[in-house]
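These are the residues of each chain, in order.
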Amino acid sequence: MQTSFTIMTNGPGLYDFTREVNLWLSEAAQDGLLTLFIQHTSASLLIQENCDPEVQTDIAEFLHRLVPPTTDPSMHYLTHVYESPDDMPGHIKAALLPVSLSVPVRAGAMLLGRWQGIYVVEHRSAPHSRQVVAHLS
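A. Examining the sheet that holds strand E7 (residues 116-122) more closely. The strand order across the open sheet built from three strands is E2-E7-E4, with neighbouring strands paired in antiparallel fashion. One side of each edge strand has no neighbouring strand; the edge strands of this open sheet are strand E2 (13-16) and strand E4 (43-49). When strand polarity is set aside, the average angle formed by the axes of neighbouring strands in this sheet is 40°. Two elements, E2 and E7, share four bridges in a ladder whose sense is antiparallel. In the strand pairing of E7, glycine 13 is matched with glutamate 122. Taken strand by strand, helix H2 (residues 53-66) contacts E2, E4 and E7, and its axis lies near 140° from that of E4.

Structure representation (structure tokens):
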């Protein structure tokens, strides 16, 4: 089984799409391994805590401090600066974080931990439409 999810983003941060994946899997009602893959080079996927929204805020802030925009003097060495100040930093963040995830599924339900959710991590400032491909095998 395969499908894709469109996740609309509005700037840097973590965007939870666990509910959408759960809905799709519930129709399958089967065991297997779910693979998720994001089709972009400046966004990532992450399994992270879904209880306290401060966790998502802190992760986004940490990533911003770790890899600031090219307008920051510490990033003067970057040469790919044509699109916008957040483009190359977005590529670097996507290289550091996963762009695919594997999650076991039993009877159409992901076997995530109690406080885990699935997120698109947006690394760019402008709104984007991100595509995530899902494959259940």
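Past the structure itself, the notes keep going.
B. How the structure looks around the environment of leucine 34. Mapped onto the elements, leucine 34 comes out in strand E3 (residues 32-38). For the pair leucine 34 and proline 12, spaced 22 residues apart in sequence, the C-alpha separation works out to 26 Å. Look past the residues within four positions of leucine 34 in its chain and what remains in contact with it is Val21, Trp24, Leu25, Leu101, Ser102, Val103, Val105, Met110, Ala134, His135 and Leu136.

C. Examining the nonpolar core more closely. In terms of nonpolar packing, the biggest core is built from 22 residues, with Phe17 and Leu34 touching the most fellow members. Mapped onto this core, the elements with two or more residues apiece are strand E1 (2-10), helix H1 (18-28), E3, E4, strand E5 (100-106), E7 and strand E8 (127-136). Here this core takes four residues from H1, the largest share from any one element. Beyond its immediate sequence surroundings of up to four residues, phenylalanine 17 is in contact with Phe5, Ile7, Leu36, Leu45, Ile118, Tyr119, Val120 and Val132.

D. Region of the structure containing the sheet that holds E8. Strands sit in the order E1-E8-E3-E5-E6 across an open sheet of five strands; the sheet is antiparallel. Pairing within the sheet leaves two strands with one partner each, and these edge strands are E1 and strand E6 (109-110). Direction of pairing for E1 relative to E8: antiparallel, over a ladder of nine bridges. Residue threonine 9 lies in a different strand from E8, and its bridge partner there is histidine 128.

E. Highlighting the environment of serine 4. Inspection of the secondary structure puts serine 4 in strand E1. Judged by relative accessible area, which is 43%, serine 4 ranks as partly exposed. For the pair serine 4 and valine 133, spaced 129 residues apart in sequence, the C-alpha separation works out to 4.2 Å.

F. Spotlight on H2. Over its 14 residues, H2 runs 20 Å from end to end, which matches the ideal 20 Å to within 8%, given 1.5 Å per residue. Where H2 is concerned, the buried positions are Gln56, Ile59 and Leu63. Here the buried residues of H2 occupy an arc of 60° about the axis, which is enough to place them on one side. Residues of H2 that are exposed and point over 90 degrees away from its buried face: Pro53, Glu54, Thr57, Asp58, Phe62 and Arg65.

Conventions we followed
- Residues numbered from 1 in each chain as written.
- Predicted model: local features only at pLDDT ≥ 70, side-chain atom pairs only at ≥ 80, totals over all residues.
- Heavy atoms only, no water.
- Pairing = 2+ DSSP bridges.
- Helix = DSSP H or I, 4+ residues; strand = E, 2+ residues; numbered from the N terminus.
- Axes fitted to C-alpha atoms, helices over the stretch in contact; angles between N-to-C directions.
- Contact = heavy atoms within 4.5 Å.
- Core = buried A, V, L, I, M, F, W, Y, C linked by side-chain atoms within 4.5 Å.
- Buried < 20%, exposed > 50% of the residue type's maximum accessible area, 1.4 Å probe, protein only.
- Expected span 1.5 Å × (residues − 1).
- Arc of directions from axis to C-beta.

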